[in-house]
Amino acid sequence: MDSLLKKVSNHRIIDVIVVCLTILFTLAGALVSLNRYWQYEVFYYNFGIFDQAIWHVSRFQPPIIEHLLVGGRWLFADHFDVSILLLAPVYWITDRSEVLLIVQAIFVGLAGFFIYKTGVAIFKDKLLALSIAWCYFFFVGIQNAIITDFHEVTIMTLPVALTFFAIVTKRKKLFWVTFLITLGFKEVTFLLGCGIAIFLFFYNKAWRKQAVIAAIVALLWGFLAMKVFIPYFSQGLYLHWPDLPESVLDKVVALGDHPLKRETLFFSFLQYGFLSAFAPGMWFAILQEYVLRFLPKFHYTYWTLGLHYNAVVSVLLSLSAVFGFSFLLRYKVIQQGKYLLALLLMLNAFVLFRFVHHGPFLLAVHPVFYEHTKDFAFLDSLIARIPKDSSIMTQNNLGVRFTHQEFIFLRQNYEPYAPDYVLLDVREGQNPNNFLFGPDIPELITKLQRDSNYDLIYHQGEQYIFKRK
């Protein structure tokens, strides 16, 4: 068996397998994401915020968004997400919002491909590189990031993977382009930038000057973004200062003081056979991801393997597994059993995906999932009743369908906004996110019915459309 694996370890068939994995992963991610969108399980927060900003820029307009706290201002009043606006040209091809979900799946899939290419450059062995890429593709953390929403940090996986690929293959221009793009995805990425600089400093002595410059640029970026740029656009506000434990000891304890945190840490590192432990150059980059998620109080949604919070760390864990595995290959016993270890990594990743976490990409081959999409034809008909040139106030899950026109998030005090239409779907048993930050719905309906400025032009079952006179 070992001799057979040695023969195929650098055969082009491994490249073909990785390309097929990348395509299948991307296709599964796109199919599940699109059908969840068509099932109204994608929301204005966060999809619509980014969609609205990107759409405006594609029309050479300011990236003004609707937001409960900084509504009517530029996207940068919330987060300094300049790099996400590079996606604007996709709306020169189509005006369908779903295209962002396809682009997201492609970016995350390509990140996996470049993790493989980085592994090939390090191992000089395609089979070992495949084992790490396999772990990435089958990790539920990255799959959840794709299928639950559209987010800038999920898109960021590709430039992060390319930054490390550039370091390993000594492509200085590519490094600086992707490093700067990575910083531009969010103000807090300055910490990741510092982590990349630390890795570079110890990885390549010839690039230590570049590493120092990168660290300075990252720190300057963080300062300017949070202290200058965001307050400028938000008129003095920065909404995301975390509520942190007071003492150093409490901060350390907070990294593992909840079962959800411990479970996420265990399964994330188990996915890659705990190989990250042998890549100290990557520790800061990985640690800062969990510090940002685990230290702030009362943010339990950050602590799981769900949503977009595991996107970037999936790439970092994959790359640290490459460097950790490479370090272990210095030992004769690991060198002799490297292919067995690679196969065990792949088996472990598949078992976790299929039998432990029941990975979300399994939906891509589930016929009932696609049948369920047909159940929402009544909402499609409801949406079609709203003219595209009108202003519309509606709830979180319906709002994503109106981000290319004047959209207003559902509020009790709708009067100052004077929307042309107010659209409601008040069926019981809906996703709680559908009415995120929403008002008292029965009270709002009664208020609109009594408002002489609005007519109820559509009411069927639990769907309502009010039109301003």
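Residues numbered from 1 in each chain as written. Predicted model: local features only at pLDDT ≥ 70, side-chain atom pairs only at ≥ 80, totals over all residues. Heavy atoms only, no water.

Caption draft 1: View of the side chain of N35. Its location among the elements puts N35 in helix 2 (residues 12-38). Those residues in contact with N35 that sit more than four places away from it in its chain are F369, Y370 and T373. (Helix = DSSP H or I, 4+ residues; strand = E, 2+ residues; numbered from the N terminus. Contact = heavy atoms within 4.5 Å.)

Caption draft 2: Structural view of the nonpolar core. Within the largest apolar cluster, 139 residues are counted, with the highest numbers of intra-cluster contacts made by I84, F150, F164 and F175. Once residues lying within four places of it in the same chain are set aside, the contact partners of F150 are N46, F47, F50, I54, I84, L87, L100, L101, Q104 and I155. Within the second largest apolar cluster, 13 residues are counted, among which are I408, L424, L448 and Y464. (Core = buried A, V, L, I, M, F, W, Y, C linked by side-chain atoms within 4.5 Å. Buried < 20%, exposed > 50% of the residue type's maximum accessible area, 1.4 Å probe, protein only.)

Caption draft 3: Spatial organisation of the pattern of salt bridges. Tallied over the full model, the rule gives 11 salt bridges. E98 is the salt-bridge partner of R96, the closest N and O atoms lying 2.5 Å from each other. Assessed through its relative accessible area of 48%, R96 is described here as partly exposed. Taking the shortest distance from any N to any O, the salt bridge between D455 and K469 comes out at 3.5 Å. Of this pair, D455 sits in strand 6 (residues 454-460) while K469 sits in the segment after strand 7 (463-468), and the two are 14 residues apart along the sequence. We classify D455 as partly exposed; its relative accessible area is 35%. When its relative accessible area of 61% is taken as the criterion, K469 is described as exposed. (Salt bridge = Lys/Arg side-chain N within 4 Å of Asp/Glu carboxyl O.)

Caption draft 4: Molecular detail of the packing of helix 5 (residues 126-137) against helix 15 (residues 311-328). Following both chains from N to C, one finds helix 5 and helix 15 inclined at 155°, their axes separated by 9 Å at the closest point. Relative to helix 15, helix 5 is oriented roughly antiparallel. Crossing hand, helix 5 versus helix 15: right-handed. Only S314, V315, S318, A321, V322 and F325 of helix 15 make contact with helix 5, whose side of the interface consists of L128, S131, I132 and Y136. Its residues placed into classes, the contact of helix 5 with helix 15 shows seven nonpolar, three polar and no charged. (Axes fitted to C-alpha atoms, helices over the stretch in contact; angles between N-to-C directions. Parallel < 35°, antiparallel > 145°, perpendicular 65-115°, else oblique. Left-handed = near helix turned anticlockwise from the far one by under 90°. Nonpolar A, V, L, I, M, F, W, Y, C, P; charged D, E, K, R; others polar.)

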